[in-house]
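Coordinate inspection notes
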Amino acid sequence: KMKWCPKHVSEIPQVISRAFERDISMKQIAPILGTDHVKEWVLKEDKDIPEFYNAPTMMQEWIAEKVIKVKIPDGIIPKDFQPKKVKILATGQKMAKFFREDNVSTRTVECSVKLFDCNHFYMKQTLPGSGASPHWTIFEGRWHQTERGIRLEYLLRYSWQL
């Protein structure tokens, strides 16, 4: 979910378990931290969540974001992980690849989607010309065939820029 805000600390390992498609406990991801990239809050109890989200941010309003940070348990991310090269969820063989380039407002956006036979997908959106290195946003998740085409279930999103 974009802009997801948990109501209970116990929701955090549940959402992470769903995203990585395996059971993950609170103990495995502790400590749970909330951050606005300037200050950090430890999220131990349900009452800590609104305190974190309602606290004023030290960043400019237009770039301010609040993020929940956790420790990723061993074995979740491949040891040789490199964004854009190694997939987190997909373990099967690539079945198909689709590419599209489009203009969004004043920017050109390139998008590629790879489908794997393990029913996972890997989607990369690239903003070319964003400095010396392009900015990538990568999505991973599950796909399944429907009567009208393919349905994508987004599980992970991460950004990368060298």
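The following refers to the structure shown. Note that the structure is a prediction, hence the values are computed from the model and not measured. (Residues numbered from 1 in each chain as written. Predicted model: local features only at pLDDT ≥ 70, side-chain atom pairs only at ≥ 80, totals over all residues. Heavy atoms only, no water.)

**A look at the nonpolar core**
The criterion, for reference: Think of a nonpolar core as a cluster: buried Ala, Val, Leu, Ile, Met, Phe, Trp, Tyr and Cys residues, connected wherever their side-chain atoms sit within 4.5 Å. Relative accessibility thresholds used throughout: buried, under 20% of the residue-type maximum; exposed, over 50%; partly exposed, between the two (1.4 Å probe, protein chains only). Strands are runs of DSSP state E lasting at least 2 residues, helices are runs of H or I lasting at least 4, and numbering of each runs from the N terminus.
Residues Ile16, Phe20, Ile24, Ile29, Ile32, Ile88 and Leu156 are the most contacted members of the largest nonpolar core, which totals 24 residues. Elements represented by at least two residues in this core include exactly α1 (11-20), α3 (48-54), β7 (135-146) and β8 (149-160). Element by element, the count of residues in this core is highest for α1, at four residues. Among the nonpolar cores identified, the runner-up in size contains seven residues, and Cys111, Val113, Leu115 and Trp143 belong to it.

**Here we look at the pattern of salt bridges**
Operational definition: Salt bridge, as used here: a side-chain nitrogen of Lys or Arg that lies within 4 Å of a carboxyl oxygen of Asp or Glu.
Across all of its chains, the model carries six salt bridges by this definition. Note that Asp48 and Lys47 form a salt bridge whose closest N and O atoms lie 3.6 Å from each other. In this structure, a network of salt bridges that share partners links the residues Glu45, Lys47 and Asp48.

**Focus: α1**
The periodicity of an α-helix, 3.6 residues per turn, causes residues three or four positions apart to be oriented the same way. The test is simple: Any two residues whose heavy atoms approach within 4.5 Å are treated as being in contact.
Of all 10 residues in α1, seven are buried; the element is thus mostly enclosed. Residues of α1 that are buried include every one of Glu11, Ile12, Pro13, Ile16, Ser17, Ala19 and Phe20, and no others. Those residues of α1 hidden inside the fold are in contact with α2 (26-29), β3 (67-69) and β8. Looking at the residues trailing α1, positive phi occurs at Glu21, about 60 degrees.

**Some words on unusual backbone geometry**
The peptide bond linking Ala30 to Pro31 adopts the cis configuration, its omega dihedral lying at 0 degrees. With respect to the helices and strands, Pro31 occurs in the loop between α2 and β1 (33-35). You will see that His37, though not glycine, has its phi angle at about 75 degrees, which is positive. Tracing the backbone shows His37 in the loop between β1 and β2 (40-42). Notably, Ser105 is not glycine yet its phi reads approximately 60 degrees, a positive angle. Structurally, Ser105 can be placed in the loop between β4 (94-104) and β5 (107-116).

**Thoughts on the packing of aromatic side chains**
Quick reminder of the rule: A pair of aromatic rings is counted whenever rings of Phe, Tyr or Trp (Trp by its six-membered ring) have centres within 6.5 Å, and the orientation is called stacked for planes under 30 degrees apart, edge-to-face for over 60 and tilted otherwise.
Throughout the structure, instances matching the rule amount to five aromatic pairs. For the ring pair Trp41 and Phe52, a centre distance of 5.2 Å and an interplane angle of 55 degrees mean the geometry is tilted. Here Trp41 is found in strand β2, whereas its partner Phe52 is found in helix α3, with 11 residues between them in sequence. A relative accessible area of 9% means that Trp41 is categorised as buried. Ring geometry for Phe139 against Tyr154: centres 5.5 Å apart, planes inclined by 85 degrees, an arrangement best described as edge-to-face. Here the residue Phe139 occupies a position in strand β7, and Tyr154 occupies one in strand β8, the gap between them amounting to 15 residues.

**Observations concerning the side chain of Lys114**
Stated formally: Working convention for charge: Lys and Arg count positive, Asp and Glu count negative, and His plus the chain ends are omitted.
With respect to the secondary-structure elements, Lys114 resides in strand β5. Of the buried charged residues, Lys114 lacks a salt bridge, with Glu140 as the closest side chain of opposite charge at 11 Å. The residues touching Lys114, leaving out its near neighbours within four places in the chain, are Lys87, Lys94, Ala96, Lys97, His120, Phe121 and Tyr122.

None of the figures reported here should be taken as evidence of function without further support.
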